[in-house]
Amino acid sequence: MATPVPVLRLPRGPEPNSRGFDPNSPRFIALCRLSITSSFPASAAASRAGADELRLEQSARAQLRERFLRCVLATSNKKVHFHMHDNVKVEATFGASDIDLLHFQVSDLHTPIGVQKEALIRCQDVISYSFDL
């Protein structure tokens with residue numbers, strides 16, 4: 001049996017319905033596209049080859065997703081240093097990231113003007129970051 005992986009959840013977002021997704025995000029648009037199977041030819045041989053190809057792609061995606069989740073889990077509660085625009089350097093305790101890696105949730109954020117107990121950092125504001133292992 002595979003090892004269960006805990007799911008990290010971020011606080012509810014600022015959108016009015018708190019649905020947890022942005023209908024304009026690339027991920028949501030990709031999920032709403034037409035089914036992949038509809039693009040395969042109708043012949044039986046081509047259908048089997050397409051199904052095998054789809055199965056391999058899904059297996060590879062599942063492995064990559066599992067690696068990503070394990071990576072996020074391993075970085076949870078680790079010290080992280082962010083190098084941001086205008087040569088601003090901050091440090092915090094890493095909590096989690098959203099599925100699109102657009103935001104990082106951190107605790108005890110030490111900034112040049114003080115300490116924030118909890119914060120969300122936009123990925124667009126970050127040039128690089130590193131963890132203390």
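Figured I'd write up the structure that's included with this text. Bear in mind the structure is a predicted one, so any value in this text is a computation, not a measurement. (Residues numbered from 1 in each chain as written. Predicted model: local features only at pLDDT ≥ 70, side-chain atom pairs only at ≥ 80, totals over all residues. Heavy atoms only, no water.)

### Points about the packing of aromatic side chains
Counting across every chain of the model gives six aromatic pairs. Between F82 and Y129, the ring centres sit 5.8 Å apart and the planes meet at 40°, which makes this aromatic pair tilted. Here F82, found in strand β1 (residues 79-84), pairs with Y129, found in strand β5 (residues 126-131); they are 47 residues apart in sequence, far enough to count as distant. Relative accessible area serves as the criterion here: at 2%, F82 is assigned to the buried category. A network of ring pairs unites the aromatic residues F82, F94, F104, Y129 and F131 as a single cluster. (Phe/Tyr/Trp six-rings, centres within 6.5 Å; stacked < 30°, edge-to-face > 60°. Helix = DSSP H or I, 4+ residues; strand = E, 2+ residues; numbered from the N terminus. Buried < 20%, exposed > 50% of the residue type's maximum accessible area, 1.4 Å probe, protein only.)

### Things to note about the sheet that holds β1
With respect to topology, five strands assemble into an open sheet ordered β4-β3-β2-β1-β5, the strand pairing being antiparallel. Two strands lie at the open edges of the sheet, namely β4 (114-122) and β5, each paired on one side alone. Neighbour-to-neighbour, the strand axes of this sheet turn through a mean angle of 35°, independent of strand direction. Sheet topology note: the strand β2 (residues 88-97)/strand β3 (residues 103-111) ladder contains five bridges and is antiparallel. Considered in β3, the bridge of F94 is made with V106. (Pairing = 2+ DSSP bridges. Axes fitted to C-alpha atoms, helices over the stretch in contact; angles between N-to-C directions.)

### Regarding the nonpolar core
One finds V80, F82, M84, V90, A92, F94, F104, V106, L109, A119, I121 and V126 forming the largest nonpolar core, which totals twelve residues. Of all the elements in the fold, those that place two or more residues in this core are β1, β2, β3 and β4. Beyond its immediate sequence surroundings of up to four residues, F104 is in contact with F82, F94, A96, S97, A119, L120, I121, C123, V126 and Y129. (Core = buried A, V, L, I, M, F, W, Y, C linked by side-chain atoms within 4.5 Å. Contact = heavy atoms within 4.5 Å.)

### Some remarks on the pattern of salt bridges
With the rule as written, the count across this model stands at four salt bridges. When the shortest N-O distance is used, the salt bridge between D52 and R55 registers 2.9 Å. On the criterion of helical spacing, the pair formed by D52 and R55 is a turn pair, its members being three residues apart in helix α2 (residues 44-75). Residue R55 is classed as exposed on the basis of its relative accessible area, which comes to 53%. Residues R122 and D125 are paired through a salt bridge, measuring 2.9 Å at the closest nitrogen-oxygen approach. Assessed through its relative accessible area of 44%, R122 is described here as partly exposed. Note on D125: relative accessible area 25%, which makes it partly exposed. (Salt bridge = Lys/Arg side-chain N within 4 Å of Asp/Glu carboxyl O.)

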